[in-house]
Amino acid sequence: MFNRIIRNDILKSKAITLTTMIFVAASAMLVSLAAILVINLSGALDTLMTQAKTTHFMQMHAGEIDTARLTTFAEQNNNVDEFQVLEFLNIDGAQIILGDNSLANSVQDNGLSVQSEKFDYLLDLDGNIINVSDGELYVPVSYLKDNTTKAGDKAVISGNEFTVAGFLRDSQMNSSLAGSKRFLVSKNDYAQIKNLGSTEYLIEFRLKDVSAIGAFATAYASAGLEANGPSVTYTLFTMMNALSDGMMIAVILLISVLVVAIAFMCIRFTLLAKIEEDYREIGVMKAVGLRLSDIKKIYLAKYAAIAAAGSILGFALSFMFKGLLLDNIRLYMGESDNSFFAVALGIIGILLVFLAIIAYVNGVLRRFRKISAAEAIRFGTSQEKNTGAKRFSLSGNRLFDTNIFLGIKDVLARKRLYATMLVVLVISSFIIIVPQNLYNTISSKTFINYMGIGNYDMRIQQAGNSTDEAAVIVETMKNDSTISKYAVLTIKTLKAKTENGSEENIKVELGDHSIFPIKYSLGRAPAAEDEIALSSINADEMSKKVGDVIKLLIEGTEKNLTISGIYSDVTNGGKTAKAVFTDNTADIIWSIISAELSDKSLTDAKVSEYADKFDLAKVSDIDEFVKQTLGSTISSVEMASYAAIAVALVITVLVTLLFMKMLVAKDKYSIAVMRAFGFTNSDIKAQYVTRTVFVLIVGIVLGTLLANTLGEMLAGLMISSFGASTFHFAVNPLSAYLFSPLMMIGAVLIATMIGTSGAGKIKISENIKE
Amino acid sequence: MKKIIIGEHIVKSYGEGNEKRNVIDGVSVEINEGEFVAVVGPSGSGKSTLMFALSGMDTVDGGKVVFDSMDLSAASENELSDIRRTKMGFVFQQPTMLKNLNILDNIILPSMRGNRKNGEKISEKARAIMERVGIAELEKRDITQVSGGQLQRAGICRALMNSPKIIFGDEPTGALNSKSAERIMDIFSEINGDGTAVMLVTHDAKVAARTERIMFMLDGKIVSELKLPKYDGTDMDERVEQITVKMREIGI
């Protein structure tokens, strides 16, 4: 009997059933994808770190090293299983040319290494330990991912030629969070280049008891051994490797929570409407002595059928999409061997969604208890009082057309019902606005100020120590009438003294910072000789704030500089400083000459003119420069924002359609009454349009408020991961406050029109029964 | 006398193929302006269906209905709506009120369509009518807060709002106790006294006895008709007797 009831019911309400099923399928798919990704990520990570024999404790060190003393320490500590010291030859990004691209703008510390002998192996893309020959270069896999180079390309490092033989997985430094990237060369090649860069040491230990890493780290630190640099543990390596895919999983989980919420809302709404529609029947069933659980079963069975179908569809979809999302994990970490387990967990996740739906339906059905059999049979509808909107009466209404009044009144009288729709619309408008504002913000001209770049048109980067060349450029600019102003900054590496007395390299931009000012998240630009501004990443690492003092070695003497401000920076890995003092000893790494043109349309012409004139300098249009630094981020956010708009509109249309269909079914009686008393079909439609538009407007307002508070906060968190500290949305009012709402209103109007088309078919005589 | 409704050979059927049956089977009816008529018959005889057909709420499958010189079968949905709103009044067995609105708002609802500027005037008129039927104090109440008889009186007020040419009543006292029913019938008599035509559909001889012409309906056909003088409040028992005799004759 159940089967027949369910089949009839589903056939009667195809659109509603289908919409509910789509949302269930989407949530099942997302949950299953998240589960599959989690298992694959942990599996692949485990395989990678086992094959590579990742270091348990690593201390980086720049400066002199006493290997004998370290060996003694390792021998005496009974937890040490293996010990080694590897070299890392730090090479300036500008000196590394892969194919046609140089790594000058790379935010990473790039350097060369040779293959390790004991552990911490660099692996090829099949997971094997690489055996490198002379003349071959293995490149970190991240440069394959961003298309910097491909196998077979010619590579030039500090003037030495190599062939890119392949790519390597580095279990310690794969992640963009690691900050350093190891290129693999043969021992012979390494020996040849060794004096062209600065050597850092990786002091590495494998432990017998991994759980005692903490104790070992303390022992190492208290032994007073080499420690000029950060120390990293196995746990941190795991975390860094997992983070970027972990973020994606987190985003998928977040979206799946939203979609599950929407699915629940749909179910709640359709179920409430269905109960109201069947009120009399339910009363009759109660009256003839059916148990509550029997009546519940009829409804539960239908949703169980929908949920089961949706879950299976979702599971199938998750299989179609998982390859796409697993690509990144496959590339960086390789295959996972527990794919069976992944599928199992996916199924468990879907089962949880399924059970949650059943539990939820069961919860909503609890209100059966409140249905009085007598009342149901006599009145056929719930006699619950309508709350609110009492004072909003038709006789006192002068403001609105009667249809508009009736629409608004209905929303106010049945707030709980419309709250369901409101929540969905708030989520939709949030999804539309946040990515769009984020895109608008990071693509706006002023955003580069947040990124540590001033508002100029042309940027000339002159590498190396040729002050003469920079002076010639400046002289040319001085005589160039099209250049309205210019500034010269020289970048030098200076030594800073840290709290514990060790020295650390810091890149300082020297020059006048007031010509092309940038945004300071705290404080202001350095103005006096004894002032310095730090990028936020530097300030964080040195744990300094505005007003603190930092010790710098300038011309051989230690000098105290007060921190005047902190700014966000995406250039040079985000680790820079700005000051105005003069220094004549340290080498200039490069000079940056920035210029503003009196006529912006000349930018292209000027860029090529200067590029021709000074062929050793790198001349770029600032838009071009920003595109290179932020381009991929901007375009992926742009893609995401379009996708978000599409997704949100689809959700809006589907949900509005569903709600309208349900409402019309629910309100059959009222519609028949109104039509009997002379209201036309267009009157009825106008009332429904008013209802949805009213709810939509509230939804858009709430969604926009939420987007500009919570959304801005979330986006700020994301942005801060690449170096910016303070963050406010740069909103394009036309698009955020006009086009987006208009699009939503359009979508809702169309959906309402389609959804209420059934209202005209309601027969008066059949619905005003005596 | 001018005819307000002319129904010719009306056919209305339900079902399809072999299942098809005529609920109204070639009925012709005429109602004069200001006339007070009743259609009497057992349930399933097609009397409510006839009312829905005559008021343009339902389309007919054969024949035609002319209301106030307008052919309803040729009228558009919107024209039908306009006629129902401006020239007809309806009172049903169940109160057919919107739950969201209070009594006054339910009464003025049809008049307020596209007419919000006259809200004050319309409300005043409604209050006057409510006063007349004795429910003036209920205007702010919810429809769940009043008795069935009071609700039915509110329904009559709504039907009277646009000063209709005819009021249709489909078992208007069917859900009421005898005292309330009597009160309602007094009101219908009063309305008819003012010159509005009233057509009641009922199976209750006591209700039919208030009218001047009674059509007896059986199996989709009008099988007989009875004319009575205008009711003056005196010979009720005799009128009821005449009707029940006729009903027994026909086999109702």
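## With respect to the overall build of chain B
When helices and strands are tallied, chain B shows eight helices and 10 strands. Its C-alpha atoms give chain B a radius of gyration of 18 Å, within 12% of the compact-globule value 18 Å for 252 residues. Judged by the C-alpha coordinates and their principal axes, chain B covers about 50 × 45 × 35 Å. Within chain B, the fraction of its 252 residues that count as buried is 48%. In chain B, the share of contacts with a sequence separation of at least 24, taken over all contacts with a separation of at least 6, comes to 69%.

## Here's the deal with the overall build of chain A
Along chain A, the regular secondary structure elements total 22 helices and 22 strands. Counting every position in chain A, which comprises 770 residues, the buried fraction comes to 42%. Restricting the contact set of chain A to residue pairs at least 6 apart, pairs at least 24 apart contribute 84%.

## Side note on the sheet that holds strand S3 (residues 36–40) of chain B
All names here are of chain B. Ordered by their spatial adjacency, six strands build an open sheet running S6-S7-S8-S3-S9-S10, and the pairing between neighbours is mixed. Looking at the sheet topology across the chains shown, the edges are occupied by strand S6 (88–91) and strand S10 (221–227). Between one strand axis and the next, the sheet turns by 20° as a mean value, whatever way the strands run. Lying on the sheet, helix H6 (residues 178–193) is in contact with S3, strand S7 (166–170) and strand S8 (197–202); it crosses S8 at an angle near 150°.

## Brief notes about the packing of helix H2 (residues 14–51) of chain A against helix H10 (residues 339–364) of chain A
Residues and elements named next belong to chain A. In the contact formed by H2 and H10, the axes pass within 8 Å of each other and the chain directions differ by 145°. Read as a crossing pair, H2 and H10 show a hand that is right-handed. Packed against H2, whose contacting residues are Val-24, Ser-27, Ala-28, Val-31, Ser-32, Ala-34, Ala-35, Ile-36, Ile-39 and Asn-40, the element H10 presents Ser-339, Phe-341, Ala-342, Leu-345, Gly-346, Gly-349, Ile-350, Val-353 and Ile-357 at the interface.

## Notes on the interface of chain A and chain B
At the junction of the two partners, chain A supplies 28 residues and chain B supplies 36 residues. The set of elements that each furnish at least two residues to the side of chain A that touches chain B consists of helix H12 (402–413), helix H19 (668–676), helix H20 (681–720) and helix H22 (764–767) of chain A. Class assignment of the residues belonging to the side of chain A that touches chain B gives a composition of nine nonpolar, 11 polar and eight charged.

## Quick word on unusual backbone geometry
Residues and elements named next belong to chain A. Phi at Asn-147 is positive, roughly 60°, even though this residue is not glycine. Residue placement: Asn-147 occurs in the loop between helix H4 (142–145) and strand S8 (154–157). For Asn-147, a count of 10 C-beta atoms within 10 Å puts it in the exposed group. A positive phi angle, close to 45°, is found at Ser-158, a residue other than glycine.

## Some points on the packing of helix H9 (residues 292–333) of chain A against H10(A)
Residue and element names in this part refer to chain A. Where H9 meets H10, the axes come as close as 10 Å, and the angle between the chain directions of the two elements is 155°. Our classification of the angle between H9 and H10 gives roughly antiparallel. Relative to H10, the crossing made by H9 is right-handed. Two secondary-structure elements touch here, H9 through Leu-300, Tyr-303, Ala-304, Ala-307, Ala-308, Ser-311, Gly-314, Phe-315 and Ser-318 and H10 through Gly-346, Ile-347, Ile-350, Val-353, Phe-354, Ile-357, Ile-358, Val-361 and Asn-362. Residue composition of the contact of H9 with H10, grouped by class: 13 nonpolar, five polar and no charged.

## Some remarks on the confidence of the model for chain B
Here chain B averages 89 in pLDDT, and 100% of its residues register 70 or above. Interface confidence for the predicted complex, expressed as ipTM, amounts to 0.83; the pTM equals 0.70.

## Some points on the sheet that holds strand S2 (residues 21–32) of chain B
Residues and elements named next belong to chain B. Read across the sheet, four strands follow the order S2-S1-S4-S5 without closing on themselves; strand pairing throughout is antiparallel. In this open sheet, the two strands that pair with only one neighbour each are S2 and strand S5 (70–71). Sheet analysis places strand S1 (residues 3–14) next to S2, joined by nine bridges and oriented antiparallel. Within S2, the residue paired with Lys-3 across the bridge is Asn-32.

## What about the nonpolar core?
Among the nonpolar cores identified, the biggest contains 270 residues, and A:Tyr138, A:Ile262 and B:Cys157 are the most heavily contacted of them. Considering each element in turn, this core owes the most residues, 21 residues, to H2(A). Not counting the four nearest positions on each side in its chain, A:Tyr138 is found in contact with A:Leu122, A:Ile130, A:Val132, A:Ala165, A:Gly166, A:Phe167, A:Leu168, A:Phe183 and A:Leu184.

## Quick notes on helix H13 (residues 415–443) of chain A
In this model H13(A) runs 40 Å from its N-terminal to its C-terminal C-alpha over 29 residues, within 8% of the 42 Å that 1.5 Å per residue would give. The buried fraction of H13(A) is high, at 24 of 29 residues.

## Concerning the pairing of strand S7 (residues 136–140) of chain A
On any regular strand, side chains alternate: one points to one face of the sheet, the next to the other face. Residue and element names in this part refer to chain A. Of all five residues that make up S7, four are buried, and the element is covered over most of its length. Bridging between S7 and strand S9 (residues 160–170) involves five bridges; their strand directions are parallel. By the bridge assignment, Leu-137 is partnered in S9 with Val-164.

## Side note on the confidence of the model for chain A
Residues at a pLDDT of 70 or more form 93% of chain A, whose mean pLDDT is 84. Highest mean pLDDT in chain A belongs to S7(A) (95); lowest belongs to helix H11 (residues 373–379) of chain A (69).

Reading the values: the criteria
Residues numbered from 1 in each chain as written. Chains lettered and ligands numbered in written order. Predicted model: local features only at pLDDT ≥ 70, side-chain atom pairs only at ≥ 80, totals over all residues. Helix = DSSP H or I, 4+ residues; strand = E, 2+ residues; numbered from the N terminus. Rg over C-alpha atoms; globule rule 2.2 N^0.38 Å. Buried ≥ 20, exposed ≤ 12 C-beta atoms within 10 Å, placed from the backbone. Contact = placed C-beta atoms within 7 Å. Pairing = 2+ DSSP bridges. Axes fitted to C-alpha atoms, helices over the stretch in contact; angles between N-to-C directions. Left-handed = near helix turned anticlockwise from the far one by under 90°. Nonpolar A, V, L, I, M, F, W, Y, C, P; charged D, E, K, R; others polar. Parallel < 35°, antiparallel > 145°, perpendicular 65-115°, else oblique. pLDDT = per-residue confidence, 0-100. Core = buried A, V, L, I, M, F, W, Y, C linked by C-beta atoms within 7 Å. Expected span 1.5 Å × (residues − 1).

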